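Breakdown of the fold
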Amino acid sequence: MTKTGKPKAKRSPVVEGLIRNMLVTFLAVAIMGFFAIITVKAEIMDPIRRTIADFSFTDIYYQIEREGAAPDTCRYITIVDMTKVTARADIAKVLTDIEAAKPKVVGLDCVFDVEGDDIEGNDAIIQVAEKYKNIVFAEKMLDWENDSIGYTKTIHSFFREFVDIKEGTVNMPRKLYDSMKRKAALSEVCNGKRQLSFVSQVSNLYTGKDMVGTKTGDININFSYTKFQVLQPEEVKAHPELINGQIVLFGSMYEDADAHWSPLGKIAGVELLAYSIQTIIEQTDVKHVPFIPFCLITLLIIFIVQVLQSKYLKRTGLSSNMFTKYIVGSVCIMNILTFLFTSVFIGISFLVFCMFHISFNLAWALSVIAFLGVSRNMYTAINDYVSSVKDKYSFLKGIDL
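Residues numbered from 1 in each chain as written. Predicted model: local features only at pLDDT ≥ 70, side-chain atom pairs only at ≥ 80, totals over all residues. Heavy atoms only, no water.

As for a nonpolar patch on the surface
A contiguous nonpolar patch, built from Val-344, Ile-348, Leu-351, Val-352, Met-355, Phe-356 and Ile-358 and spanning about 640 Å² of accessible area, is present on the exposed surface. When residues of the nonpolar patch are assigned to their parent elements, the largest contribution, 6 residues, is made by helix α10 (residues 331–356). Tracing the sequence through the fold places Leu-351 in helix α10. (Patch = residues over 30% accessible without salt bridge, like charges linked within 9 Å, V, L, I, M, F, W, Y side chains within 5 Å. Areas by Shrake-Rupley, 256 points an atom, 1.4 Å probe, with all protein chains shown as cover. Salt bridge = Lys/Arg side-chain N within 4 Å of Asp/Glu carboxyl O. Helix = DSSP H or I, 4+ residues; strand = E, 2+ residues; numbered from the N terminus.)

Next comes the structure, spelled out in structure tokens:
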């Protein structure tokens, strides 16, 4: 009853159902959020936190791409393996052989940080550096200070002080708990000055234009399955067609010390650079959905699944057919159907990724969907409790003392 003595207007079943489904959805999100907070805050959950940090939904997209499909072959990047070439004189000879085939750019994934005692080898490397100006040499930055100062130390090739060479940092960004390499730096800051990265230098030199522009952050590397032609040093002269006019990356393909975890598994550092350069040149860096649209789409997906599950359980529960009521309407069958239905969302997100290189992390939606059953039971229990309290209050209020 209202204060005027008139009975309260009852909500329509549609409105009641809408409110119920919304509350169940938000309750499921709250439950998942509670477990997420525990995972982040509790020290005992550190292994789980590290596992989650290593996972990205784009890994699933890359896996789908690789299953049963031949990789695309990159037509403008060739890798020359440096694994067995260690002496500087030999490195200089291979570089000379590469330059004889007239590559557009050579990216040397090696830092000659100390002069050492190999005088002849040093002279050979210096001569190559002085003669060929299409080589980008690697440098490494160390001792991070803060965002404004950046790194405080840079390891250069020893001859940089008296030979004009192009250099770029090969530092690969990663998260604190994440050993996976997913990003490439377009530039880095050292002692307050911003410098282009190795992959940016190579990309700019190959295209003849500034591929970075005003961008200063990291890009998400596109690891769509690609085959890069790999030549051994002795094969360089026999295959000039794989070098002429192309980007040649000279680095170790089979050295454990320079192997890194990626969404494709453990790959060589030079191959990681190849994927980064390809991403910059083709402008196919992976973009993630912004936070607010991501939250809205995630809630919508969870809400749709909740509505469908509720209607399914209600219809099968009211059926007079025992098989439909107890077998078809069982939670097990419903979960199987939910899995098939959510696969549609995965398929749609995969198509969007392939066409526009936009990644939507469905992991949150799928995780919350797993708690919908618990959320419905909790909602029913809370609703029954509130109703019983109201009935008790109304009964006591109606007693004339």
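Some thoughts on the nonpolar core
Grouped together as the largest cluster of nonpolar side chains are 60 residues, with contacts concentrated most on Ile-77, Phe-198, Phe-223, Ile-247, Leu-249 and Ile-277. The element best represented in this core is helix α7 (residues 269–282), accounting for 8 residues. Ala-124, Ala-129, Phe-158 and Leu-231 belong to the second largest nonpolar core, which has 31 residues in total. (Core = buried A, V, L, I, M, F, W, Y, C linked by side-chain atoms within 4.5 Å. Buried < 20%, exposed > 50% of the residue type's maximum accessible area, 1.4 Å probe, protein only.)

Re the pairing of strand β11 (residues 247–251)
Among the 5 residues in β11, 5 count as buried, and that is most of the element. Here strand β1 (residues 72–81) runs beside β11; their pairing, made up of 5 bridges, is parallel. Along β11, the bridge assignment pairs Ile-79 with Leu-249. As paired strands, strand β2 (residues 105–108) and β11 are joined by 4 bridges and run parallel to one another. When the bridges of β11 are listed, Gly-107 appears paired with Leu-249. (Pairing = 2+ DSSP bridges.)

A word on the packing of aromatic side chains
Throughout the structure, instances matching the rule amount to 16 aromatic pairs. Seen from their ring centres, Phe-34 and Phe-35 are 5.7 Å apart, and the 70° between their planes marks the pair as edge-to-face. Between Phe-228 and Tyr-275, the ring centres sit 5.0 Å apart and the planes meet at 90°, which makes this aromatic pair edge-to-face. Placement of the pair is Phe-228 in strand β10 (residues 226–231) and Tyr-275 in helix α7, with a sequence separation of 47 residues. As far as the burial class goes, Phe-228 and Tyr-275 line up, both buried. (Phe/Tyr/Trp six-rings, centres within 6.5 Å; stacked < 30°, edge-to-face > 60°.)

Some words on the environment of Ile-77
Its location among the elements puts Ile-77 in strand β1. In this structure Ile-77 comes out as buried when scored by relative accessible area, which is 0%. Spatially, the C-alpha atoms of Ile-77 and Tyr-151 are 30 Å apart, while their sequence positions differ by 74 residues. Once residues lying within four places of it in the same chain are set aside, the contact partners of Ile-77 are Phe-228, Gln-229, Gln-246, Ile-247, Leu-249, Ala-274, Ile-277 and Gln-278. (Contact = heavy atoms within 4.5 Å.)

What about helix α5 (residues 119–131)?
Under the 1.5 Å per step criterion, the end-to-end length of α5 is 18 Å for 13 residues, consistent within 8% with the ideal 18 Å. Residues of α5 that are buried in the fold lie against α4 (88–100) and β3 (135–146). (Expected span 1.5 Å × (residues − 1).)

Some thoughts on a negative patch on the surface
A cluster of acidic residues, Glu-115, Asp-117, Asp-118, Glu-120 and Asp-123, forms a negative patch at the surface. Looking at the element boundaries, Glu-120 is found in helix α5. Among the residues examined, Glu-120 registers a relative accessible area of 67% and is labelled exposed. (Lys, Arg positive; Asp, Glu negative; His and termini not counted. Charge placed at Lys NZ, Arg CZ, Asp CG, Glu CD.)

Focus: empty space enclosed by the protein
In total, this model carries 2 cavities of 30 Å³ or more according to the counting rule given. The computed volume of the largest cavity comes to approximately 70 Å³. Around the largest cavity sit Leu-186, Met-211, Lys-215, Ile-219, Thr-279, Ile-280, Gln-283 and Asp-285, which together line it. Its residues assigned to classes, the lining of the largest cavity comprises 4 nonpolar, 2 polar and 2 charged. (1 Å grid on protein atoms, 1.4 Å probe; cavity = no way out; pocket = protein on both sides within 12 Å on 5 of 7 lines; lining within 4 Å. Points joined across faces, edges and corners; volume = space filled by probe spheres on them. Nonpolar A, V, L, I, M, F, W, Y, C, P; charged D, E, K, R; others polar.)

A look at the packing of helix α3 (residues 58–66) against α10
Packing of α3 against α10 brings their axes to within 10 Å, and their N-to-C directions diverge by 80°. Compared by their axis directions, α3 and α10 come out roughly perpendicular. For the pair α3 and α10, contact is made by Thr-58, Tyr-61, Tyr-62, Ile-64 and Glu-65 and by Ile-346, Ser-349, Phe-350, Phe-353 and Cys-354, respectively. Grouping the constituent residues of the contact of α3 with α10 by class yields 7 nonpolar, 2 polar and 1 charged. (Axes fitted to C-alpha atoms, helices over the stretch in contact; angles between N-to-C directions. Parallel < 35°, antiparallel > 145°, perpendicular 65-115°, else oblique.)

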